[in-house]
Amino acid sequence: ETDCKHGPTSPFARVGFTLPHPTRGMADASHSLNITLHPLVVINISDHFTRAKAQRTSDGTPLSAEPPRVFGAVLGEQTGRQVELANSFELKASLDASGGHVIDLGYLRQRLEQYKKTFPRYDMLGWYSTVVAEQPGDLQLQQQLCEVNDSLLYLCADLTCTAGRELPMTLYESEVALINDAPTMRFSKVAYKVDSVESERIAVDHVAHILPSGDSNSSSALAQHMGGQYTAIAMLGERIDVIVRYLRAVASKQVPMDHELLRQIKSLCSRLPALTSSAFRDEFLQEQNTALLITYISAITKGIGSTNEVIDKFNVAFDKHARRRGIF
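The rules we used
Residues numbered from 1 in each chain as written. Predicted model: local features only at pLDDT ≥ 70, side-chain atom pairs only at ≥ 80, totals over all residues. Heavy atoms only, no water. Helix = DSSP H or I, 4+ residues; strand = E, 2+ residues; numbered from the N terminus. Buried < 20%, exposed > 50% of the residue type's maximum accessible area, 1.4 Å probe, protein only. Areas by Shrake-Rupley, 256 points an atom, 1.4 Å probe, with all protein chains shown as cover. Pairing = 2+ DSSP bridges. Contact = heavy atoms within 4.5 Å. Axes fitted to C-alpha atoms, helices over the stretch in contact; angles between N-to-C directions. Salt bridge = Lys/Arg side-chain N within 4 Å of Asp/Glu carboxyl O. pLDDT = per-residue confidence, 0-100. Phe/Tyr/Trp six-rings, centres within 6.5 Å; stacked < 30°, edge-to-face > 60°.

1. What about the overall build of the chain?
Of regular secondary structure, the chain possesses 9 helices and 10 strands. Taking all 328 residues of the chain together, 27% fall into the buried category. Total accessible area on the chain is roughly 22200 Å²; 57% of this is exposed by carbon and sulfur atoms.

See below:
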């Protein structure tokens, strides 16, 4: 059974009693959770925040204004102590009379029913908000959302952070602590790791090549391949230059001779194939001819397509009786 210390329907909230030692056992239990955050959740949160910010800008809100705060539900599956946060969707929130946020639970339940039809294994395991850290009214939101699930995680995403290489997201879980002899709910940080499946890695790689203008900075797969080859060859040239400078320094007696290092260099050179052999020459000419043939075929195909297009236009313009689609 899942640990139910997060919500108002937990045993601590249903029964009034005094904890003999506050939060120690619960902290040990929470630390045993293995939480995995998938990139799709991060992409969804970033997309939600970007759309909300762009909408405010189009409405006339100045860029210097405080960035919008958006809310969403985090979906996933839990097997024992293993928690997978795999997907998310946005939530509707409004302000009450006191200025606090209120989540539309009707909309949340409707979206959860729709998701259960497509992803029957996914449940709502948490919710997110685009803030630097927990806010004073977040505990009330946690208690409100616990009507759907009494064991929810809270993900804070600081999307205004531009410095550092760490992911600007903090994960919390709610726990009951003894404060002034009264059980009180509070948030505590929990550790998580980021992992992905093959389909997510492909999507993240595609998103990483999208420029802010919406265009892609990767012109073709050939350009990416050639760029990787160029980087590898440049690095190889630098390392070979280091070996050559070392050998010249040993030959001129500027540095002492290291026999072990020289044997390693000799072994490395012995692995290189002989570039003057007839087998290498034949294989090189075969690959060169194959590449040239592919280039010639591509040029011929492009020329035939252009010629066919010109013939079609000529037939439409000057030959009203024969509606041929070309000579091919």
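2. Focus on the sheet that holds strand 6 (residues 123-129)
Strands in a sheet are paired, the pairing made by backbone hydrogen bonds, and the direction either parallel or antiparallel. As summarised here, the arrangement of the 8 strands in space is 9-8-7-6-2-3-1-10, forming an open sheet in which the pairing is mixed. Each having just a single partner strand, strand 9 (182-190) and strand 10 (193-194) make up the two edges of the open sheet. With 8 bridges connecting them, strand 2 (residues 71-79) and strand 3 (residues 82-90) associate as antiparallel partners. Bridged to G76 within strand 3 is L85. Lying on the sheet, helix 3 (residues 39-58) is in contact with strand 1 (34-37), strand 2, strand 3, strand 6, strand 7 (153-157) and strand 8 (169-179); it crosses strand 3 at an angle near 25°. On top of the sheet, helix 4 (residues 105-118) reaches strand 2, strand 3 and strand 6; it is set at about 115° to strand 3, its chief contact.

3. A look at the pattern of salt bridges
Close approach of charged atoms lets side chains of opposite charge pair. Within the structure shown, the criterion is met by 9 salt bridges. Between R69 and D138 there is a salt bridge, with the nearest N and O atoms lying 2.5 Å from each other. Of this pair, R69 sits in the loop between helix 3 and strand 2 while D138 sits in helix 5 (residues 138-145); the two residues are 69 residues apart in sequence, bridging distant segments of the chain. Overall, R69 belongs to the partly exposed group, its relative accessible area being 24%. Through salt bridges with shared partners, a single ionic network connects D47, R51 and E90.

4. Quick word on the environment of P39
Within the secondary structure, P39 sits in helix 3. Its relative accessible area of 14% is what places P39 among the buried residues. Counting along the chain gives 158 residues from P39 to V197, while the straight-line C-alpha distance between them is 9.2 Å. Sequence-distant contacts of P39, defined by excluding residues within four places in its chain, comprise D195, S196, E200 and V204.

5. Digging into the pairing of strand 2
In this sheet, strand 6 lies alongside strand 2 in antiparallel orientation, the contact comprising 6 bridges. Across the sheet, residue G72 finds its bridge partner in strand 6, namely Y128. Hairpin connection between strand 2 and strand 3: a loop of 2 residues separates the two successive antiparallel strands, and G80 in this loop has a positive phi of roughly 65°.

6. Some remarks on the confidence of the model for the chain
Model confidence for the chain is summarised by a mean pLDDT of 79, while 78% of its residues fall at 70 or above. Across residues 1-30 the pLDDT falls below 50, and counting only partners more than four positions away or on other chains, this stretch makes 55 contacts in the model. Taken together, the stretch residues 323-328 has pLDDT below 50 and engages in 13 contacts with residues farther than four places along the chain or on a different chain.

7. Some words on the packing of aromatic side chains
Within this structure, the stated rule accounts for 8 aromatic pairs. Summarising the aromatic geometry, the rings of F71 and W127 are spaced 6.4 Å apart at their centres and angled 25° between planes, so their arrangement reads as stacked. Remark: W127 occurs in strand 6 and F71 occurs in strand 2; sequence separation between them is 56 residues. W127 matches F71 in its accessibility class, with the two residues each being buried. With a centroid separation of 5.3 Å and an interplanar angle of 15°, the aromatic rings of F119 and Y122 are classed as stacked. You can call Y122 buried: its relative accessible area is 18%. In this structure an aromatic cluster arises from ring pairing among F71, W127, Y154, Y172 and F187.

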